[in-house]
Amino acid sequence: MAVLTKAMIGDYAVVSAIESKDIVNRAIRIHGLSPVAAAAMGRALTMAALMGKEFKDKRDYLTVIIDGGGPLGKITVCADGAGHVKGDITNPVVETTLKDNGHLDVGSAVGKDGTLTVIKDIGLKQPYVGSCQLVSGEIAQDFAYYFADSEQQPCGVTLGVGLKKNRCTSAGGVWLRILPNCPEDVLSEIETVMYAMDEMSYQFDGSTAEEVLRRFFGRMELTVTEQSKVTYRCNCSRRKIDGIVHSLGKDEALSIIDEMGQIEVCCHFCGKHYTYDRDQVEQLFSK
């Protein structure tokens with residue numbers, strides 16, 4: 001379980017932080033992620049968690065799709081207003097490569113020949129859909145560009161995932177949004193602090209989200225306004241999978257039973273398997 005802290009910097013900025021190690025380790029176990037896949041998906045899950053907790057209604061829902069054309073394929077992460085996140089990735093075991101500085105080359109694995117798309121279902125007739133070109137594939141910079149380009153929201157984003165072999169040892173992120181009345185001198189100070197927040201995975205190694213915020217912004221009228229929990233949780237269910245099987249039509253469903261002996265559906269987000277035999281299919285279509 002991850003803990004998210006939200007705070008105000010005076011009346012000039014809103015900043016959120018989350019320590020997300022448990023979320024990333026859950027994703028590693030479900031998907032069998034290689035280190036570079038864990039770093040990319042962990043950063044995306046961390047950002048989705050930060051964004052989801054901005055919803056006013058627990059039923060509001062967010063889907064982020066990162067498709068950069070790299071060997072990892074498509075990364076899909078989801079979050080809701082209740083503090084639940086989940087994710088999927090096309091190729092979870094891509095070979096890990098390093099940059100010249102020894103860090104994981106997430107940008108090359110994700111690619112930047114593609115888009116970052118955000119879909120928000122907030123109870124309106126149609127969901128909000130925003131999209132932008134990827135600028136680096138490193139995830140944090142891409143989200144920052146998305147907010148500036150698609151939502152006209154100046155902000156700072158920093159994300160990090162620390163790994164040792166196939167285990168996440170530290171992970172977290174900080175998301176700061178500048179409010180319209182922010183004076184130039186305060187903005188300059190905030191920008192200086194954000195530029196200093198490198199190696200984000202190490203900042204959360206042994207530190208809570210609140211401790212990270214106080215470490216960097218404690219001298220800037222920081223006021224904590226909210227503490228909440230976030231978990232990796234899939235909302236798949238037998239009822240939802242029933243709908244998928246029903247959409248096949250009875251003849252097609254029974255044809256699969258005749259050929260394969262059963263219908264098996266696997267949830268890409270949590271790995272749970274649902275199976276249907278002939279009697280279950282007959283019963284499903286008799287309702």
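Note that the structure is a prediction, hence the values are computed from the model and not measured.

Enquirer: Explain the packing of aromatic side chains to me, please; I cannot follow it from the model alone.
Expert: For any pair of aromatic rings, geometry is given as the distance between the ring centres together with the angle between the planes. Taken as a whole and judged by the stated rule, the model has two aromatic pairs. Here Y146 and F147 contribute two aromatic rings whose centre-to-centre distance is 5.3 Å and whose plane-to-plane angle is 65 degrees, an arrangement assigned as edge-to-face. Here Y146 matches F147 in class, with each residue buried. Here F147 and W175 contribute two aromatic rings whose centre-to-centre distance is 5.0 Å and whose plane-to-plane angle is 25 degrees, an arrangement assigned as stacked. Of this pair, F147 sits in helix α4 (residues 140–150) while W175 is found in strand β9 (residues 167–178), placing the two residues 28 residues apart along the sequence. Members of the aromatic cluster, each reached through a chain of ring pairs, are Y146, F147 and W175. The ring of Y276 carries the charged tip of R238 above its face, separated from the ring centre by 4.5 Å.

Enquirer: Would you mind showing me how to read the packing of helix α9 (residues 250–260) against helix α10 (residues 278–286) here?
Expert: Each pair of packed helices gets described by two things: the angle between the helix axes and the distance between those axes. Where α9 contacts α10, the two axes come as close as 10 Å, and the packing angle between them is 175 degrees. In terms of orientation, α9 lies roughly antiparallel with respect to α10. Of the residues in α10, those in contact with K250, A253, L254, I257 and D258 of α9 are R278, V281, E282 and F285. Looking at the contact of α9 with α10 residue by residue, the class counts come to five nonpolar, no polar and four charged.

Enquirer: What exactly am I supposed to notice about the packing of helix α1 (residues 21–31) against helix α2 (residues 35–52) here?
Expert: At their nearest, the axes of α1 and α2 sit 9 Å apart, and the two run at 130 degrees to each other. Accordingly, the angle class assigned to the pair α1 and α2 is oblique. Where α1 crosses over α2, the handedness of that crossing is right-handed. Each of I23, V24, A27, I28 and H31 in α1 lies in contact with α2, whose residues at this interface are A38, M41, G42 and L45. Of the residues in the contact of α1 with α2, the class split is seven nonpolar, two polar and no charged.

Enquirer: How do you make sense of α9 when you look at a structure like this?
Expert: Helical geometry note: an α-helix holds 3.6 residues per turn, so side chains three or four residues apart project in the same direction. Residues of α9 that are buried include every one of A253, L254 and I257, and no others. The buried residues of α9 occupy one face: seen down the axis, they fall within an arc of 95 degrees. Turned more than 90 degrees away from the buried face of α9, the exposed residues are D251, D258, E259 and M260. Buried residues belonging to α9 abut β11 (263–266), β12 (273–276) and α10. Just past α9, the residue G261 takes up positive phi, approximately 90 degrees.

Enquirer: For this particular structure, what's the right way to read the nonpolar core?
Expert: Soluble globular proteins: nonpolar side chains tend toward being buried together. Residues M47, I66, L116, F143, F147 and V157 are the most contacted members of the largest nonpolar core, which totals 54 residues. Among the elements that line this core, the one with the most residues is α2, at 13 residues. Beyond its immediate chain neighbours, meaning those up to four positions away, V157 contacts M47, A140, F143, A144, F147, V174, W175 and M194. I190, M194, F204 and V212 belong to the second largest nonpolar core, which has 24 residues in total.

Enquirer: Quick question: what am I supposed to make of the side chain of H84 here?
Expert: If you trace the backbone, H84 turns up in strand β5 (residues 84–89). Polar contacts involving the side chain of H84 include one to the side chain of R233, which spans 3.3 Å. The residues contacting H84, other than those within four sequence positions of it, are C78, A79, T231 and R233.

Enquirer: Quick question: what am I supposed to make of a negative patch on the surface here?
Expert: Residues E184, D185, E189 and E191 make up a contiguous surface patch of negative charge. Turning to its location among the elements, D185 is positioned in helix α5 (residues 184–196).

Enquirer: In this structure, what is going on with the pairing of strand β6 (residues 115–121)? I would like to understand it.
Expert: Successive side chains on a regular strand alternate, one facing one side of the sheet and the next facing the other. Sheet analysis places strand β3 (residues 61–67) next to β6, joined by seven bridges and oriented antiparallel. Considered in β6, the bridge of Y61 is made with D121. Note: β6 against strand β7 (residues 128–133), six bridges, orientation antiparallel. By the bridge assignment for β7, T117 is matched with S131.

Enquirer: What should I look at first to understand the sheet that holds strand β10 (residues 222–232) in this one?
Expert: Strand pairing in a sheet takes place through backbone hydrogen bonds and is either antiparallel or parallel in direction. The strand order across the open sheet formed by ten strands is β7-β6-β3-β4-β5-β10-β1-β2-β9-β8, and the pairing between neighbours is mixed. Each edge of the open sheet is held by one strand with a lone partner, namely β7 and β8 (155–164). Direction aside, neighbouring strands of the sheet carry axes that sit 15 degrees apart on average. Sheet topology places β8 next to β9; ten bridges connect them, and they run antiparallel. Residue pairing across strands places K164 opposite R167, the latter belonging to β9. Across the sheet, α1 touches β1 (2–9), β2 (13–19), β5, β8, β9 and β10, and the angle it forms with β9 is around 125 degrees.

The rules behind each value
- Residues numbered from 1 in each chain as written.
- Predicted model: local features only at pLDDT ≥ 70, side-chain atom pairs only at ≥ 80, totals over all residues.
- Heavy atoms only, no water.
- Phe/Tyr/Trp six-rings, centres within 6.5 Å; stacked < 30°, edge-to-face > 60°.
- Buried < 20%, exposed > 50% of the residue type's maximum accessible area, 1.4 Å probe, protein only.
- Helix = DSSP H or I, 4+ residues; strand = E, 2+ residues; numbered from the N terminus.
- Lys NZ or Arg CZ within 6 Å of the ring centre and 35° of its normal.
- Axes fitted to C-alpha atoms, helices over the stretch in contact; angles between N-to-C directions.
- Parallel < 35°, antiparallel > 145°, perpendicular 65-115°, else oblique.
- Contact = heavy atoms within 4.5 Å.
- Nonpolar A, V, L, I, M, F, W, Y, C, P; charged D, E, K, R; others polar.
- Left-handed = near helix turned anticlockwise from the far one by under 90°.
- Arc of directions from axis to C-beta.
- Core = buried A, V, L, I, M, F, W, Y, C linked by side-chain atoms within 4.5 Å.
- Polar contact = N/O pair within 3.5 Å; in protein donor to acceptor, adjacent residues only side chain to side chain.
- Patch = residues over 30% accessible without salt bridge, like charges linked within 9 Å, V, L, I, M, F, W, Y side chains within 5 Å.
- Areas by Shrake-Rupley, 256 points an atom, 1.4 Å probe, with all protein chains shown as cover.
- Salt bridge = Lys/Arg side-chain N within 4 Å of Asp/Glu carboxyl O.
- Lys, Arg positive; Asp, Glu negative; His and termini not counted.
- Charge placed at Lys NZ, Arg CZ, Asp CG, Glu CD.
- Pairing = 2+ DSSP bridges.

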